[in-house]
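A structural walkthrough
Take a look at the letters that make up each chain.
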Amino acid sequence: MSGSLQVSQKQQRHQHQEQKQQKQQQQHYESSYYQSTKSSVSQQSFSTVKTTSQRVKTSVKTEKGQEVLKLSPLPKRAKRTYLAMDTDKEVIGYVIPVFRANHEVVRGLMEAREEDVTEEGINYVAMRNLFVREAQEAIDVRVEKRTRTTHIRESAQRMEFSRTMDEWAEFRKKMNPDSLTHPPEIIVKPRGQTVWEGKTVKLHCTVAGWPKPRVAWYKNNVLIDAKAHPEKYTAESSYNMHSLEIKNCNFTDTAQYHVSALNVKGEMSSVATIVVKRFQDGEQAGPLDAKPHGFSVEHGVTFKTTIIDKFQVAFGREGETLSVGCTVIVYPTVKKYQPEVVWYRNSVPVKPSKWVHTHWSGERATLTLIHLNKEDEGMYTLRVNTKSGFDSYSAYVFVRDADVEVEGVPVAPLDVCCHDVNKDYVVVTWKQPAVEGSSSILGYHIDRCEVGTHHWAQCNDNPVKYARFPVTGLVEGRSYIFRVRAVNKAGVSRPSRVSETVVAMDPTDRARLRAGPSAPFTGMIKFTEEDPTVGVIPGEPTNVVVTEATKSYVVLAWKPPIQRGHEGVMYYIEKCISGTDTWHRVNINMPVKSPRFALFDLAEGKSYSFRVRCCNSAGVGEPSVSTGEIIVGDKLDLPSAPCNAVATRNTDTSVVVFWGASKDVKHLVGYYIECSVVGTDIWMPCNNKPVKQTRFVCHGLTTGANYVFRVKAVNAAGYSQSTANSDAVVVKAAISIPSKPTNVALLEALKDYMVLGWSAPANNGGADIRGYFVDYRTVKKGVVGKWHEMNHKALTTTSYKAENLKENVFYQFQVRAMNMAGVSKGSLPSATLECKEWTITVPGAPVGLHVLEVRDSSVVVLWEPPTFDGRTPVNGYYMDIKEASAGDKAWKAVHEKANKMKYMKVTGLKAGTSYVFRVRAQNLAGVGKSSAALGPILAQTRPGTKEIYVDVDDDGVISMVFECSEMSEASEFVWSKNYKAITDTSRLTIVNEGGRSRAIFNNPSLDDLGIFSCVVTNTDGISSSYTLTEEGLMRLLDISHEHKFPVIPFKNEMAMELLEKGRVRFWTQVEKCTSACQVEYVFNDVIVSQGKKYTMNFDQSTGIIEMYMDSLEVTDEGTFTFNLVDGKAKGTTSFVLIGEEFRELQKKSEFERAEWVRKQGPHFVEYLDFTVTQECDVLLKCKIGNIKPETEITWFKDNIEIAEDDEDAEKITKEDCVLTFNIGKISKTDAGLYRVDLRDERGKDKSTFDLTDAGYQAVMNELFRVIANSSSDIKVISTEHGIILHSMVTYYTEELGVGWLHKDAKIAASERVKSGVTGEQLWLKINEPTEKDKGKYTINISDGKDGVKRVFDLSGQAWEEAFEEFQRLKAAAIAERNRARVVGGLPDVVAIQEGKSLNLTGNVWGEPVPEVSWVKNDKELVSDDHYTLKFEHGKFASITIATVTTADSGKYALLVKNKYGTEAGEFTVSVYNPDEEDKQEKKD
């Protein structure tokens, strides 16, 4: 409180006297209050601070360092605090008694309070509400006046009485012969506690007795089995100390808990009450407010809450947005009433913010997390509170790290928080990330940013190892946010989420700015204000302590001095190295304002002492008391490794991991769990936010994969060593008890028995149902009796004959299912059934419906016959089907004719759709009732489903194989034929090996035809079937025969090829063979061996078998055979070479040998031939080989050698063994016989080419082909005469055939349509085109075959544009021909003597006849006496100038004009005077 109340000196003296009178009373009040059992803070004490107006210095120091007067003469008693604390030393409120104090004392109290209250969040509000209730109860404390003398006397009497009783007890023990045994005794009884929901509470007691008693805990007189519920209870016993820990308390944990100790001498018990409270804002609940799970008086109903469409375990990534939600149904619906919907994260209410959005639509509750961070990871709970109680649902949300920008860098730290905020100082803490990267984290960088700016400043130069750092140098009154980055050898991580905004200001100022008091008052607080001390040097600070010490820095904290006036003070810090007496001031130039300071750059391992001085405008005060020697070094050790990580199965995608807590660890932040797939060395984090419990469910694992796990602890100092790897565990669902059976119904009834049927549980708990138990009870006039068991041995079917019943008595039945995990709860009771004989003629309902082989489009339904056949035996069945979401009218028959089997495969289903099935039985009397509906069954192939396949081994043994990867220890393979278990082992032999089962046919025959199926027990219905048909059996028998009598397979049958020198190669290739494979070479049934005639080779790596013969002789006609033997496998391949084929091959062999001889000297590799280039040049080319410099090369034409001086010799070139004769543009003169001869001492060769007749025509055809292919697309050009279509070619010769087609008809030449060639342009001219000329035009250019065609469609827009252009050009040509023009007769310059007459005549043309005019100097002339203008015959225009003068000089023009244009014939007239020219010459 900042205000002050001035009290007169007289009033102060009066108060002082009253305080002396009340001093003894106050002491007794404290003692009585301390002993009160009504207060939840019974082990704490209240103290009243009393001050005097005369001297302030007569004071003592409390725990918090406050300066207060001595209150009582009990100096050795524990110093009392104003904090109300529970048994776990957690602050739960404040106790403020009536007291009077001056301003300094009040401020000291508020500073001490500010140190303990970290944040006003959910915990603070909970403490405040609890304190209000306890404080109200404390008001009723009875105060009894008692003097100190009386108190001491009563204490002495009690001590004397206790001593006497102890001596008497010892005497009795000596006299008792059985003194070694005694009954149990609870020395320390468990204490009742009140806790908040979501917290953990622990009950303790100490038990004595001999023999050692057995201790048990009870909740409301029900034994607590802690081993059966380890997630809820933990019971521990250590010597005589016993405890019960109740985790994550909720309303249902509110109860009386008994501890019972029992031995042979007797039993002793004690009781404690646990009250679990739910946090709520506002006032406490009154006596009329709704209680949990009760009737709502306000609305007159009991609300029932159901949560559906529940969100599952969710996975998000940093930076993404994630939404979770549930649909909530509250019944009954009350107008204008809505339940309270609250979201929790790790049992702490989630408050809406810019990162968290909540929405309640009246039906659905949604929580949206904006821009996920790892701080958002945790257990999320939706709690729906109504006036009648509450319902809740929880699921975990995992937040994975965002992808790192640089490979190997650590991920971002998390949970950045600010503590101990002062004027220029704050402590920043954070949590280490789960992933350190490719190397260990070296340290962290802390950044700060002033609110309102975007500039981040790094606070530390060197990375700090601890997850805690004091930031100094803040500016008072400014707001800051902080973030942290991790550093390793690979680089720096992304920054963490920013902290909450903090303001750099004095804690007392912050408390003064808070709205309202922090706790309710129990009375009026009065204090006085002394005269201000102006100009007083401040006193010495007190309680200088080292709050944090690491090898990087040391943090000092102290209390401001009492004597400091109203002027602000600052502080100097001094240090002294141990062993010296010299004190050095640390902050010489910058005194600090906050009572906190961090010292850096201290030598690690050295000892220092520290003290503090205060200063203000009056000067520097005395130093404080020294802290004593402080050794610089880490005070917090790394946590020890957790113990024994144990992983157990949970679901198909999760595993539960347990571990032992780290021992002797300080300030534990939590644990990180990592997993790795067996066989890899890649460790992945299971949680990205540390957890404090020693149990964690790791979600998001791969079904069927084999994982190991390890755990490491973390505190501010860093990470512990990881635990040893857990035992490997396969991810699959754990086995649990099955759900309840359903649809208990009556199938048949007689006088003394009834036949019951039911449906199997929807969930078998991960293990096959081993049997059922039936219970019954009688019903008399609506009153039901007790349940009794009918069968003591489990039933294996879903029907039962209940015998020994009484006729006309009503019964109800329930059924319980059993698997290897236990027995389920009882089903819903059946309808009340009367035991009396049926008279029905049709059969009863089939029973035991179940499905196998569920796939996307099919399912197999099986059933058992009805227990009641009716009058005649059952002779068939009918099956009905409908979609699960459809109504009863949607049932439809699966088949038309009755099915005599007790199974049916239903096909044609829609994948992802749920179906319901039912079956009806038929006899001669008719069709009976439908069975109980089976389903819904989802048509969906289970991931990883495998089908039965048939295998034939190397020995020809036929078998069926089924594999399953999800088997448990209790799983078995069960084979059936036609869905009946196989009992006859003479036909099949079953061999199981791990996850594979093989059914071997002993002697396959037609008797084995049918449907073979295999079911894996203790799985989620894994099954498959294989239908063996007669055709399939025959095919398998053929394969078996091939395997029994194997044949070596050949990739290629034996082939023959002719090689160089005329050699012959016989070869083949086998697909596979062993190293023991042998080959026998046979010719005409005679084995041949390697020698001069034959060469053999067998490459076993490639399987190629070869046999070579150098030549073929007449005696070599016959059959060549390769016989192969490889173990018991054999193979034979042959090649028959006889008759004409043999003789043809022999000729080719001789030819190849002659060719080889020819190539020993100069020879032609490629004989003389022609080619036509793209430029339409004809080349004769050949390629030669084995040439020497002295080899003669001679060309001939028509057997005449082409000499070097001949004109044709220039056309011959040789380049890289290629000889070329360039004929160029060929003509008929180039026809002839061309030959090239090669000759040297090794031999000779020649090559000829006949360029006559057929040869010449072949060249021309190739030339035509090149020309035709070089032709361009047809283009169109318009002229004044018409339209021209043309195509360009590279070269044109008269022999080239060119034809034009119009609409696929040949165009006849005429005056109007002509075709021709101009240069390399092939054109078609259409003069004066008309509409008839529209259409497709084709040019066909001969290429020696079918010709090359180019097509142009002269219609549509192409025609319109071309025709329009033609008309425009035609009009322009007409205009040009007929426009008016001056065609001659006028000179350019006329020189005439003055005084003479000038006559000029211009020739004019134009159609129509143009208009004529004359101009002089751009002015039109008119005919008069001086100018005579004439235009005669429409062709001649004349001008006559009579008696010209110098004024007639100038530029004249004859202008002609008609409708096609205008033209001017210009000339210049120059008039001169001879006399004036003579005078001018004389002057010159």
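Remember, predicted model here, so these are calculated numbers, not experimental data. (Residues numbered from 1 in each chain as written. Predicted model: local features only at pLDDT ≥ 70, side-chain atom pairs only at ≥ 80, totals over all residues. Heavy atoms only, no water.)

Any two aromatic rings considered together are summarised by their centre-to-centre distance and by the angle between their planes. Scanning the entire structure with this criterion turns up 32 aromatic pairs. Judged by centre distance (5.8 Å) and plane angle (40°), the rings of Phe 311 and Trp 343 are tilted. Of this pair, Phe 311 sits in the loop between strand S15 (304-308) and strand S16 (314-317) while Trp 343 is found in strand S18 (residues 340-345), placing the two residues 32 residues apart along the sequence. Each member of the pair, Phe 311 together with Trp 343, is buried. An angle of 20° between the planes, with centres 5.2 Å apart, marks the rings of Trp 1359 and Phe 1363 as stacked. Taken together, the residues Trp 1359 and Phe 1363, both in helix H9 (residues 1356-1378) and 4 residues apart, mark about one turn of the helix. (Phe/Tyr/Trp six-rings, centres within 6.5 Å; stacked < 30°, edge-to-face > 60°. Helix = DSSP H or I, 4+ residues; strand = E, 2+ residues; numbered from the N terminus. Buried < 20%, exposed > 50% of the residue type's maximum accessible area, 1.4 Å probe, protein only.)

Time to look at the pattern of salt bridges. Tallied over the entire structure, the rule returns 54 salt bridges. Of the charged contacts in the structure, one is a salt bridge between Asp 447 and Arg 483, with a shortest N-O distance of 3.1 Å. In this pair, Asp 447 sits in strand S26 (residues 443-450) while Arg 483 sits in strand S29 (residues 479-488), placing the two residues 36 residues apart along the sequence. The same class applies to Asp 447 and to Arg 483, which are both buried. Between Lys 1370 and Glu 1328 there is a salt bridge, with the nearest N and O atoms lying 3.0 Å from each other. Here Lys 1370 is found in helix H9, whereas its partner Glu 1328 is found in the loop between strand S95 (1321-1327) and strand S96 (1335-1341), with 42 residues between them in sequence. Ionic contacts of the salt-bridge type, sharing partners, join the residues Glu 436, Glu 674, Arg 710 and Lys 712 into one network. (Salt bridge = Lys/Arg side-chain N within 4 Å of Asp/Glu carboxyl O.)

With that out of the way, let us pick up the sheet that holds strand S88 (residues 1232-1240). Hydrogen bonds between backbone atoms are what pair the strands of a sheet, whose relative direction is either parallel or antiparallel. Spatially, S85-S84-S88-S89 is the arrangement adopted by the 4 strands of the open sheet, whose pairing is antiparallel. Each edge of the open sheet is held by one strand with a lone partner, namely strand S85 (1200-1201) and strand S89 (1243-1251). Here 9 bridges tie S88 to S89, and the two strands are oriented antiparallel to one another. Bridge pairing links Val 1236 to Ser 1247 in S89. (Pairing = 2+ DSSP bridges.)

Here we come to H9. Taking 1.5 Å per residue as the helical rise, H9 with its 23 residues ought to reach 33 Å, and the 33 Å between its terminal C-alpha atoms agrees with that figure. Along H9, the residues classified as buried are Trp 1359, Ala 1362, Phe 1366, Ala 1373 and Asn 1378. Looking at the buried residues of H9, the elements they touch are strand S90 (1275-1278), strand S91 (1282-1288), strand S97 (1348-1354) and strand S105 (1450-1458). (Expected span 1.5 Å × (residues − 1). Contact = heavy atoms within 4.5 Å.)

The amide bond that connects Tyr 331 to the next residue, Pro 332, takes the cis arrangement and shows omega of -5°. Mapped onto the secondary structure, Pro 332 falls in the loop between strand S17 (322-331) and S18. Pro 936 follows Gly 935 through a cis peptide bond whose omega is 5°. Of note, Pro 936 is situated in strand S65 (residues 934-938). For Asn 248, which is not a glycine, the phi torsion comes out positive at approximately 50°. Counting through the fold element by element, Asn 248 comes out in the loop between strand S12 (241-246) and strand S13 (255-263). Of note, the phi angle at Asp 1418 is positive, near 70°, even though the residue is not glycine. Positionally, Asp 1418 belongs in the loop between strand S101 (1411-1416) and strand S102 (1419-1420). Accessibility expressed as a relative area gives 77% for Asp 1418, which makes it exposed.

Moving on, we get to the nonpolar core. In terms of nonpolar packing, the biggest core is built from 47 residues, with Leu 1168, Ile 1223, Ile 1226, Leu 1251, Leu 1263 and Leu 1285 touching the most fellow members. The element contributing the most residues to this core is helix H8 (residues 1254-1270), with 8 residues. (Core = buried A, V, L, I, M, F, W, Y, C linked by side-chain atoms within 4.5 Å.)

What follows covers the pairing of strand S67 (residues 958-963). Burial within S67 is extensive, with 6 of its 6 residues counted as buried. Burial along S67 is two-sided: Ile 958, Met 960 and Phe 962 and Ser 959, Val 961 and Glu 963, pointing in opposite directions, are all buried. Looking at chain direction, strand S66 (residues 949-952) and S67 are connected through 4 bridges and run antiparallel. Directly across from Val 952, in S67, lies its bridge partner Ile 958. The hairpin formed by S66 and S67 contains 5 residues between the paired strands, and Gly 956 there has a positive phi angle of roughly 85°. Judged from the 5 bridges that link them, S67 and strand S71 (residues 996-1001) form a sheet pairing that is antiparallel. Paired with Met 960 across the strands is Ala 999, a residue of S71.

Within the secondary structure layout, His 1286 lies in strand S91. A distance of 3.3 Å separates the side chain of His 1286 from the side chain of Gln 1321, its partner in a polar contact. Those residues in contact with His 1286 that sit more than four places away from it in its chain are Asp 1273, Ile 1274, Lys 1275, Ile 1277, Trp 1300, Gln 1321, Leu 1322 and Trp 1323. (Polar contact = N/O pair within 3.5 Å; in protein donor to acceptor, adjacent residues only side chain to side chain.)

Okay, the environment of Glu 1365 next. Turning to its location among the elements, Glu 1365 is positioned in helix H9. Sequence-wise, Glu 1365 and Gly 1282 are 83 residues apart; in three dimensions their C-alpha atoms are separated by 9.3 Å.

Buried residues dominate strand S43 (residues 668-677), accounting for 8 of its 10 residues. Pairing geometry for S43 and strand S46 (residues 706-715), over 9 bridges, is antiparallel. Each residue of the ladder has a partner; that of Val 677, found in S46, is Tyr 707. Where S43 meets strand S44 (residues 684-685), 2 bridges bridge the pair, whose relative direction is antiparallel. Bridge pairing in S44 links Glu 674 to Pro 685. Here S43 folds back onto S44, and the loop between the two strands holds 6 residues, one of which, Gly 679, carries a positive phi near 100°.

Attention now goes to the confidence of the model for the protein. Across the protein, the average pLDDT comes to 81, with 86% of residues at or above 70. A low-confidence stretch, residues 281-292 stays under pLDDT 50, and its non-local contacts, those more than four residues away or across chains, total 16 contacts. (pLDDT = per-residue confidence, 0-100.)

In this model helix H6 (residues 1030-1044) runs 21 Å from its N-terminal to its C-terminal C-alpha over 15 residues, within 8% of the 21 Å that 1.5 Å per residue would give. Buried residues along H6 sit in contact with S66, S67 and strand S73 (1023-1028).

Together, Glu 1201, Glu 1204, Asp 1205, Asp 1206, Glu 1207 and Glu 1210 give the surface a local cluster of negative charge. The residue Glu 1210 is located in the loop between S85 and strand S86 (1212-1215) in this model. Take Glu 1210: its relative accessible area is 71%, and that puts it in the exposed class. (Patch = residues over 30% accessible without salt bridge, like charges linked within 9 Å, V, L, I, M, F, W, Y side chains within 5 Å. Areas by Shrake-Rupley, 256 points an atom, 1.4 Å probe, with all protein chains shown as cover. Lys, Arg positive; Asp, Glu negative; His and termini not counted. Charge placed at Lys NZ, Arg CZ, Asp CG, Glu CD.)

The strand order across the open sheet built from 3 strands is S33-S34-S37, with neighbouring strands paired in antiparallel fashion. In this open sheet, the two edge strands, each paired with only one partner strand, are strand S33 (542-549) and strand S37 (596-600). Averaged over all adjacent pairs, the angle separating strand axes in this sheet is 25°, with direction ignored. When strand S34 (residues 553-559) meets S37, the two strands line up antiparallel, connected through 5 bridges. (Axes fitted to C-alpha atoms, helices over the stretch in contact; angles between N-to-C directions.)

A few words on the environment of Glu 574. Mapping Glu 574 onto the fold places it in strand S35 (residues 570-577). A residue is classified by how much of its surface remains accessible, and Glu 574, at 6% relative accessible area, is buried. Sequence separation of Glu 574 and His 584 is 10 residues, and the distance between their C-alpha atoms is 5.3 Å. Once residues within four sequence positions are removed from consideration, Glu 574 is found in contact with Trp 583, His 584, Arg 585, Val 586, Ser 609, Phe 610, Arg 611 and Arg 613. Side chain to side chain, Glu 574 and Arg 613 meet in a polar contact 2.7 Å long.

The next subject is the side chain of Lys 423. Among the secondary structure elements, Lys 423 is positioned in the loop between strand S24 (414-419) and strand S25 (425-431). With no salt bridge to any partner, buried Lys 423 finds its closest opposite charge in Glu 476, at an N-O distance of 4.3 Å. Those residues in contact with Lys 423 that sit more than four places away from it in its chain are Leu 474, Val 475, Glu 476, Ala 504, Met 505, Asp 506, Lys 593 and Ser 594.

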